[in-house]
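Results of the structural survey
So the chains spell out like this:
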Amino acid sequence: MTTVAILPISNPNGEKSYRAIAGDKQSVGKTAGQALDALTAQLGETQFSALLVIQSFRPDWFFSRDQQKRLSELMSLWRTARDQGQALPPEQQAELDTLVDTELRAATARTAALMQQLSHSSL
């Protein structure tokens, strides 16, 4: 099964779009669905089946508002540094890496909670 990540992105004008990523392939669309459709076409899979979980990107008990804000700040700094051919200072990179790992664990915990809720509701 192919793993796909769909992430919201904003251009310098603040307009939101979505990037779909699977391995070394990626696409961008005005909606998450457009990005996924374009990526699916690139993958060349005639039958694409997936369980889609769309996260609202609102704070929750797994990843707080402060964590989201700091992750956003650090990602902005990282993009600026990358665009200038530089790296973040080591302490900021370490903090960014920790927040990314924390968000990944939060996403995993959210998925586990959702699966548990689905299994209980189908009984």
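Residues numbered from 1 in each chain as written. Predicted model: local features only at pLDDT ≥ 70, side-chain atom pairs only at ≥ 80, totals over all residues. Heavy atoms only, no water.

Scored by pLDDT, the chain has a mean of 82; 85% of the residues are at 70 or more. No element of the chain has a lower mean pLDDT than strand β1 (residues 5-10), at 79, and none a higher one than helix α2 (residues 65-83), at 91. (pLDDT = per-residue confidence, 0-100. Helix = DSSP H or I, 4+ residues; strand = E, 2+ residues; numbered from the N terminus.)

Right, let's get into the nonpolar core. Listed in full, the eight residues of the largest apolar core are Phe63, Leu71, Leu74, Ala81, Leu88, Leu96, Leu99 and Ala106. When residues of this core are traced back to their parent elements, those giving at least two are α2 and α3 (90-121). With residues near it in sequence (within four places) discarded, Phe63 still touches Gln68, Leu71, Leu99, Thr102, Glu103, Ala106 and Arg110. (Core = buried A, V, L, I, M, F, W, Y, C linked by side-chain atoms within 4.5 Å. Buried < 20%, exposed > 50% of the residue type's maximum accessible area, 1.4 Å probe, protein only. Contact = heavy atoms within 4.5 Å.)

Right, let's get into the pattern of salt bridges. This model, assessed by the stated rule, comprises six salt bridges. Taking the shortest distance from any N to any O, the salt bridge between Arg70 and Glu73 comes out at 3.2 Å. Of the two residues, Arg70 and Glu73 both sit in helix α2, three residues apart, roughly one turn of that helix. Here Arg110 makes a salt bridge to Glu103, at a shortest N to O gap of 3.4 Å. Across the pair, Glu103 and Arg110 agree in class, each one buried. Here the residues in one salt-bridge network are Asp60, Glu103 and Arg110, joined through shared partners. (Salt bridge = Lys/Arg side-chain N within 4 Å of Asp/Glu carboxyl O.)

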